[in-house]
2 protein chains.
Amino acid sequence: MSDIDAYMNRLGKQARAASRLMAAATTSQKNAALLAMADAIDDSRERLQSANELDLAAGREKGLDAAMLDRLALTPARIDGMLEGLSQVAALQDPVGEVTDMRYRPSGIQVGRMRVPLGVIGIIYESRPNVTCEAASLCLKSGNAAILRGGSEAIHSNQAIAECISRGLAAAGLPAHAVQVVETTDRAAVGLLISMPEFVDVIVPRGGKGLIARISADARVPVIKHLDGNCHVYIDDKADLDKALQIVVNAKTQRYGTCNTLESLLVADAVAERVLPELATRFAEHGVELRACPQSQELLPGAVPASEQDWGEEYLAPVLSVRRVPDLDAAIAHINQYSSGHTEAIITEDFSRAQRFLREVDSSSVMVNASTRFADGFEYGLGAEIGISTDKLHARGPVGLEGLTSQKYIVIGDGHIRT
Amino acid sequence: MSDIDAYMNRLGKQARAASRLMAAATTSQKNAALLAMADAIDDSRERLQSANELDLAAGREKGLDAAMLDRLALTPARIDGMLEGLSQVAALQDPVGEVTDMRYRPSGIQVGRMRVPLGVIGIIYESRPNVTCEAASLCLKSGNAAILRGGSEAIHSNQAIAECISRGLAAAGLPAHAVQVVETTDRAAVGLLISMPEFVDVIVPRGGKGLIARISADARVPVIKHLDGNCHVYIDDKADLDKALQIVVNAKTQRYGTCNTLESLLVADAVAERVLPELATRFAEHGVELRACPQSQELLPGAVPASEQDWGEEYLAPVLSVRRVPDLDAAIAHINQYSSGHTEAIITEDFSRAQRFLREVDSSSVMVNASTRFADGFEYGLGAEIGISTDKLHARGPVGLEGLTSQKYIVIGDGHIRT
C-alpha cells in the first residue's frame, strides 16, 4: 500500500468510527460545536487571512486568472459570511431522529420510520475555501462525518479553516474525526475517496461540469450530482403578458452565471406577435443575444438563427434561445426532450394547463407564474443547500439537511412473533 | 452496432417514450390495465402452462436441480397467486401526484413537493416466472415503464406472461412499450441494460447474492440492491425472558431461507445463565446447530465453537451463532461492526435502552420486542415489495410503490420575480 493509499484508508476508517458517535450526538452538542466553530473563526481572522495570502501568492505565481483569484480570496466579508452561515445552520431544525408514520399493523406491531444520518459524506470541491466551512456545517448538523477535499490552490486556507472546525468539535465534546480535511494535494486522493464504499456513503462534488462528470463516471460510491441547468420558460397563449415579460426578463437577466437562469424560451404561436417584439426591445437593453427559430426570428429584430445544438445549451451568459411552439403539448414535449431536468416554468392563467405542466414536466423544479431564479435552497426554505440535484433517486432539486439523511424502519412489539 | 446492441437500444428508446405517457396516465387507467392483465392471465391458463412445460422440459434436460425446477414451475396455485397479486396492487393507493409540504415563503411563492415516477425501471431476475407479473404490476402502478430481463431458463413462460401483460395495457389504452420483456437469452443483454443511463433510471436486481454483486459492480445506472441479511437479536438483561425465548425461536426457525431470519444472537452476561440452557433445549428440538463464543459455549450443551467468520455469516440454514456481551453498548458495537444492515431487534423492558437501540443501530429495520421475521413489505403495510434495500440512499428497507417514485419541487407564483 502506497503512502497516499494508507493515508486515505486511515481517514476513511477514522470517519466511519466518528460517524457512529455523530449519529448519537445530541442536537445541543451539534449546535454548540457550530457556534464554537464560529467563535474560533472569528478569533482567527488574522491567521485565516495570512494563510489565504499564501494561497493567493501561489495562485498569482501560477498565473490563475482574475476570476479564480477572486473565488480563492477570503475577504473579511467572506469570513463574516462564514460566521453568519454557521449560526444559520445552528438555528435549523435537527432532522435526525424524527419519527413519522407510526401505525399499528393488523399483526399488532407498530411500524414507522426514523430519520437517520447517511454516515460518511465525501465532499470534493474547487477553489472557494468558504465551502469548507459550509459543507462541514451541513454534514455536522445532519449527524454525519465528513471528509472534505478542496482544491489544491486553497490548501493553506482550507487547513486554517480546518483548525477552527477542530476547535469547535473539541469544545462541544464531539469526535475530532467528525470533519477531516484532506491534507495532501496529491490528485490520487480524489480517486481513492470515491472508491471506498466501506468508509464513504455518498460523494457530493461541487464545482464545474468537468469535475462532476469525471467523478460521476469513476465513483464506486453513490454521487449526489448536479449537472447542467438548461432551464425553460413557456409563455402560454393564456398567459398574463405583463407577468410573462417580467418573469422572462428576471429569469434571464437577474444573474447570468447561475444554474437556475433561463436559457431557452418557448412561446405559444397565438401570442408570439404580441410578446416577442417587446421582449426583443427589453433584451436589447440588457445586451442579451437572442438565438431564434425561423418562425420567431421575424418577430425578433437582431436575433440570429438558432441551431439544433442551441436547444440543449446551458449558456451561463447573456444569450437566450427562443422557439415558437403551437401549444402546451409541444412545449412539454420540447422541454422533456431538451431540458437537463433542472427547472422549468409555465406562464399561464389557465388552471388546467398549469396543472398539466406541473404534473407532466419531468424536472427537479416545476413552476407556474414564477421566475426560475427561485430554484434555490434558501428560497425554498431549506435554510442552506449542499447542492442542487438533477438526479432522480434519493434527492431531487435543492439538497438541504434532509438530503444528507435517510429513513430507517422502526418496529415496536410486545413479544410479537410471526405466525 | 451489433444486433443485440441495436435491440437493447430500441427497447430503451421505446421505454423512455412510454415512460412519458405512463407518468401522465390516470389512476383508473392503471388499475384497469392491472385488472385486464389478470383477466388475460386467467383466460390463458392453458397457454401459460404449455409454455411453462417447454421451460421445465428444457430445464430437466439441462439437469437443473429439484429446487430450481420447483421455482420455475407455474402451477395453478402460482397462477392464482399472480391474479391475487394484480388485484392487490390495483387496490393500493396511487403514489403518483401526491402533493406535500406546500407552504408560502416570505418571497410570496408557494413551494411544495409532488411525487412522480422514476421513469424507466430495469428488473433483472432469475428463474421464478411469476416475478414477471409482480414486477410489471408494481412498475405500472407507480407510473413507470419497465424493462424486464428474466432468467433464460424461464424464457417461454415469461413470454407467455408478457403477452397477457400486453393485452392488459392495450385494453386500458396504455402504451404497448410500458412493459417490455427482453426476448433474447443472450447474456450481453444484461450488460447493456445496466449501461444505458440515457434510457434506464434505476436497476432492481432480484436473485442470489452473486447476481446482485455482479450487477452492482458493473452498473452505470443506480441500483436498488439487497445484499446479505445477517440479522441479530440482542437479549438485554432487562428483557422479559419469556418474550425473549419466543421471539428468538420464531426469528430463527419460522423460516430458514429468508433474508429476515435471525442469524446471530447476542445475550447480556447477566441473563446468560438463565436464558441460554433453555434456548439450547428448544433449538435442539428444531435441529438448529449453535456456534458459540467460549463464554456461552459452556451454557449451551452441544454447541460448537464460533469462528471470527461466523459473526459475519448469513447462514440461510438451521445454524445460529451465539455471543455473550457485557451490556447494551457492546451489543450495539457488535451489530454495527458485523451486521449487513438488514434487520436487528432488542428484547428489553427498559425504555431508555430500547430508545438507544432504535436510534443507534444503523440498519434498515430496527425492532424492539418483535421478531426480525416481520421485516417485510406486506407486514409493514406497503402492500407489496419489489425488494428489501440494504442501501442507505433513496430507499432503505422494504421497497414498495413509494420506492419506485421520487419527489420534485413545485413552485406557484403570481408573477413573482427574484429581487
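This write-up is about the structure you can find in this document. Model, not experiment: these values are computed from the prediction.

So, how was this worked out
Residues numbered from 1 in each chain as written. Chains lettered and ligands numbered in written order. Predicted model: local features only at pLDDT ≥ 70, side-chain atom pairs only at ≥ 80, totals over all residues. Heavy atoms only, no water. Pairing = 2+ DSSP bridges. Helix = DSSP H or I, 4+ residues; strand = E, 2+ residues; numbered from the N terminus. Buried < 20%, exposed > 50% of the residue type's maximum accessible area, 1.4 Å probe, protein only. Right-handed = clockwise from strand over helix to strand, strands pointing away. Contact = heavy atoms within 4.5 Å. Polar contact = N/O pair within 3.5 Å; in protein donor to acceptor, adjacent residues only side chain to side chain. Axes fitted to C-alpha atoms, helices over the stretch in contact; angles between N-to-C directions. Parallel < 35°, antiparallel > 145°, perpendicular 65-115°, else oblique. Nonpolar A, V, L, I, M, F, W, Y, C, P; charged D, E, K, R; others polar. 1 Å grid on protein atoms, 1.4 Å probe; cavity = no way out; pocket = protein on both sides within 12 Å on 5 of 7 lines; lining within 4 Å. Points joined across faces, edges and corners; volume = space filled by probe spheres on them. Buried area = accessible area lost by both parts, 1.4 Å probe. Salt bridge = Lys/Arg side-chain N within 4 Å of Asp/Glu carboxyl O.

**Focus on the pairing of strand S1 (residues 99-104) of chain A**
All names here are of chain A.
Step number 1: Sheet topology places S1 next to strand S2 (residues 110-117); four bridges connect them, and they run antiparallel. Bridge pairing in S2 places Tyr104 opposite Gln110.
Step number 2: If you look at the hairpin formed by S1 and S2, you'll find five residues sitting between the two strands, and Gly108 has a positive phi there, around 105°.

**Looking at the pairing of strand S12 (residues 343-347) of chain A**
Residues and elements named next belong to chain A.
Step number 1: Here S12 lies mainly inside the structure; five of its five residues are buried.
Step number 2: Here S12 shows two buried faces, one formed by Thr343, Ala345 and Ile347 and the other by Glu344 and Ile346.
Step number 3: Where strand S7 (residues 231-235) and S12 come together, four bridges link them in parallel fashion. Within the sheet, the bridge partner assigned to Val233 lies in S12 and is Ala345.
Step number 4: Sheet analysis places S12 next to strand S13 (residues 365-370), joined by four bridges and oriented parallel. The residue bridging Thr343 from the neighbouring strand is Ser365, located in S13.
Step number 5: In this fold, S12 hands off to helix H14 (residues 351-360), which returns the chain to S13; that crossover is right-handed.

**Side note on the environment of Thr343 of chain A**
Residue and element names in this part refer to chain A.
Step number 1: By secondary structure assignment, the location of Thr343 is in strand S12.
Step number 2: On a C-alpha basis, the gap between Thr343 and Val111 in space is 36 Å, while along the polypeptide they are 232 residues apart.
Step number 3: Ignoring anything within four residues of it in the chain, the contact list for Thr343 reads Cys231, His232, Ser363, Ser365, Met367, Thr372 and Ala375.
Step number 4: In this structure the side chain of Thr343 is engaged in a polar contact, spanning 2.8 Å, whose partner is the side chain of His342.

**Side note on the packing of helix H2 (residues 27-43) of chain B against helix H5 (residues 76-91) of chain B**
Residue and element names in this part refer to chain B.
Step number 1: One way to put it is that H2 packs onto H5 with a least axis distance of 9 Å and a crossing angle of 170°. Here H2 lies roughly antiparallel to H5, going by the angle between them. Contact residues: H2 offers Asn31, Leu34, Leu35, Met37, Ala38, Ile41 and Asp42, while H5 offers Ile79, Met82, Leu83, Leu86, Ser87, Val89 and Ala90.
Step number 2: Along the lines of polarity and charge, the residues of the contact of H2 with H5 split into eleven nonpolar, two polar and one charged.

**A word on empty space enclosed by the protein**
Step number 1: The final tally for this structure, using the stated rule, is three cavities of 30 Å³ or more.
Step number 2: As a volume, the largest cavity reaches approximately 160 Å³.
Step number 3: Around the largest cavity, the lining comprises 16 residues; the ones closest to its centre are Ser19, Arg20, Ala23 and Pro117 of chain A together with Asp362 of chain B.
Step number 4: Of all the secondary-structure elements, those providing two or more residues to the lining of the largest cavity are helix H1 (3-23) and S2 of chain A together with helix H14 (351-360) of chain B.
Step number 5: For the lining of the largest cavity, the per-class residue count stands at five nonpolar, four polar and seven charged.

**Notes on the interface of chain B and chain A**
Step number 1: Tallying the contact residues gives 69 residues for chain B and 69 residues for chain A.
Step number 2: A buried area of about 5900 Å², summed over both sides, lies between chain B and chain A, and 51% of it is on carbon and sulfur atoms.
Step number 3: Sorting the residues of chain B by area buried against chain A places Arg359, Tyr409 and Arg418 of chain B first, and these three jointly supply 15% of that buried surface.
Step number 4: Across the salt bridge formed by Glu379 of chain B and Arg418 of chain A, the nearest N and O atoms sit 3.4 Å from each other.
Step number 5: Connecting chain B to chain A are 51 residue pairs in polar contact (both at pLDDT 80 or more).
Step number 6: Those elements that provide at least two residues to the side of chain B that touches chain A are helix H1 (3-23), strand S2 (110-117), helix H10 (241-253), H14, strand S13 (365-370), strand S15 (397-399) and strand S16 (405-416) of chain B.
Step number 7: The element contributing the most residues to the side of chain B that touches chain A is S16 of chain B, with eleven residues.
Step number 8: The class makeup of the residues in the side of chain B that touches chain A is 30 nonpolar, 21 polar and 18 charged.
Step number 9: Looking at chain direction, strand S16 (residues 405-416) of chain A and S13 of chain B are connected through five bridges and run parallel. For Val411 of chain A, the partnering residue across the bridge sits in S13 of chain B and is Met367 of chain B.

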